[in-house]
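Each chain, written out:
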Amino acid sequence: MSIYGDYIKSVIRTVPDWPQPGVNFRDITPLLQNSAAFRKLIDSFVHRYQEMNLDAIAAIDARGFIIGAPLAYELNCSFVPVRKKGKLPFRTISETYTLEYGQAEVELHSDAFRENDRILIMDDLIATGGTMLAAAKLISRSGGRVVETATIIDLPDLGGAQKIRDAGFGVFSVCSFTEDE
């Protein structure tokens, strides 16, 4: 958790029963619209990673881009998009992962990293962990080394963060929400 975790959590909006009944959607839009909160969010990541000598931020399509790009700028490292299948124009490598209703696939450019590059994976939230683990596998296959995975929000009741830890990757989240919050 970040020193700003409670504040950032208070700015995130919960939308009940969206996109379907029984789901509490965690909407980061108010966080992005509040310049002080957004600055504290980016600062939370900068303070954590500024001395880790990262080579790149690999941000997951699409909300991961929102925080990954300014973080890469602040840390003076490259920004690499991990995209949904079919969105990148050059040679790609891909990884398929399982969703509760089927499968999905993420890709990155085959030349995105050099051997042993130190990579931070970013996304807006961890739910079941499938997308983050697929990104980690892609980065490992490309020769990069995953330093840690990072998100704004962890949903621990869904078990994704633990699944990522069990796979050998560190997890940092600015805040978390349980199902009853």
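Rules used in this analysis
- Residues numbered from 1 in each chain as written.
- Predicted model: local features only at pLDDT ≥ 70, side-chain atom pairs only at ≥ 80, totals over all residues.
- Heavy atoms only, no water.
- Helix = DSSP H or I, 4+ residues; strand = E, 2+ residues; numbered from the N terminus.
- Buried < 20%, exposed > 50% of the residue type's maximum accessible area, 1.4 Å probe, protein only.
- Contact = heavy atoms within 4.5 Å.
- Areas by Shrake-Rupley, 256 points an atom, 1.4 Å probe, with all protein chains shown as cover.
- Lys, Arg positive; Asp, Glu negative; His and termini not counted.
- Charge placed at Lys NZ, Arg CZ, Asp CG, Glu CD.
- Salt bridge = Lys/Arg side-chain N within 4 Å of Asp/Glu carboxyl O.
- Phe/Tyr/Trp six-rings, centres within 6.5 Å; stacked < 30°, edge-to-face > 60°.
- Lys NZ or Arg CZ within 6 Å of the ring centre and 35° of its normal.
- Polar contact = N/O pair within 3.5 Å; in protein donor to acceptor, adjacent residues only side chain to side chain.

Engineer: Give a description of the overall build of the protein chain that names residues and reports values.
Structural biologist: If you tally the helices and strands in the protein chain, you get six helices and nine strands. Here the C-alpha coordinates of the protein chain stretch approximately 40 × 40 × 30 Å along the principal axes. Per-residue burial over the protein chain gives 45% buried out of 181 residues. Considering only contacts within the protein chain whose residues lie at least 6 apart along the sequence, 59% involve residues at least 24 apart. Accessible surface computed for the protein chain: about 9,300 Å², of which carbon and sulfur atoms make up 47%. Taking the 19 positively charged and 24 negatively charged side chains of the protein chain as two groups, their mean positions are separated by 4 Å.

Engineer: Outline the pattern of salt bridges, listing residues and values.
Structural biologist: Pairs may arise between side chains of opposite charge once their charged atoms sit close together. The tally for this structure, following the rule as stated, stands at nine salt bridges. R63 is the partner of D124 in a salt bridge, and the nearest nitrogen-oxygen pair spans 2.6 Å. Linking D124 in strand β7 (residues 118–126) with R63 in helix α4 (residues 63–75), this pair joins segments that are 61 residues apart in sequence. Judged by relative accessible area, which is 40%, R63 ranks as partly exposed. A cluster of three or more residues bridged by salt bridges with shared partners is formed by K85, E105 and E107.

Engineer: Please set out the packing of aromatic side chains residue by residue, giving values where relevant.
Structural biologist: If you walk through the whole model with that rule in mind, you get four aromatic pairs. On the numbers, 5.9 Å between centres and 85 degrees between planes, the contact of F45 with F172 is edge-to-face. Of this pair, F45 sits in helix α3 (residues 35–49) while F172 sits in strand β9 (residues 171–176), and the two are 127 residues apart along the sequence. Given the relative accessible area of 0%, F45 is considered buried. Consider the rings of F65 and F79, whose centres lie 5.8 Å apart with planes at 80 degrees: the pair is edge-to-face. Placement of the pair is F65 in helix α4 and F79 in strand β4 (residues 78–84), with a sequence separation of 14 residues. Each residue in the set F45, Y49 and F172 is aromatic and connected to the rest through ring pairs, giving one cluster. Sitting above the plane of the Y4 ring, K40 keeps its charged end 5.8 Å from the centroid.

Engineer: So, the side chain of T151: which residues are in play, and what are the values?
Structural biologist: As for its placement among the helices and strands, T151 is situated in strand β8 (residues 145–154). For T151, a relative accessible area of 0% puts it in the buried group. At 2.8 Å, the side chain of T151 and the side chain of S173 are in polar contact. The residues touching T151, leaving out its near neighbours within four places in the chain, are F45, D123, D124, L125, I126, M132, F172, S173 and V174.

Engineer: Go over the side chain of S44, please, and point to the residues and values.
Structural biologist: Among the secondary structure elements, S44 is positioned in helix α3. At 2.6 Å, the side chain of S44 forms a polar contact with the side chain of S2. A polar side-chain atom of S44 sits 2.8 Å from the main-chain carbonyl oxygen of K40. Residue contacts for S44: discarding those within four places in its chain leaves S2, Y4, I8 and V174.

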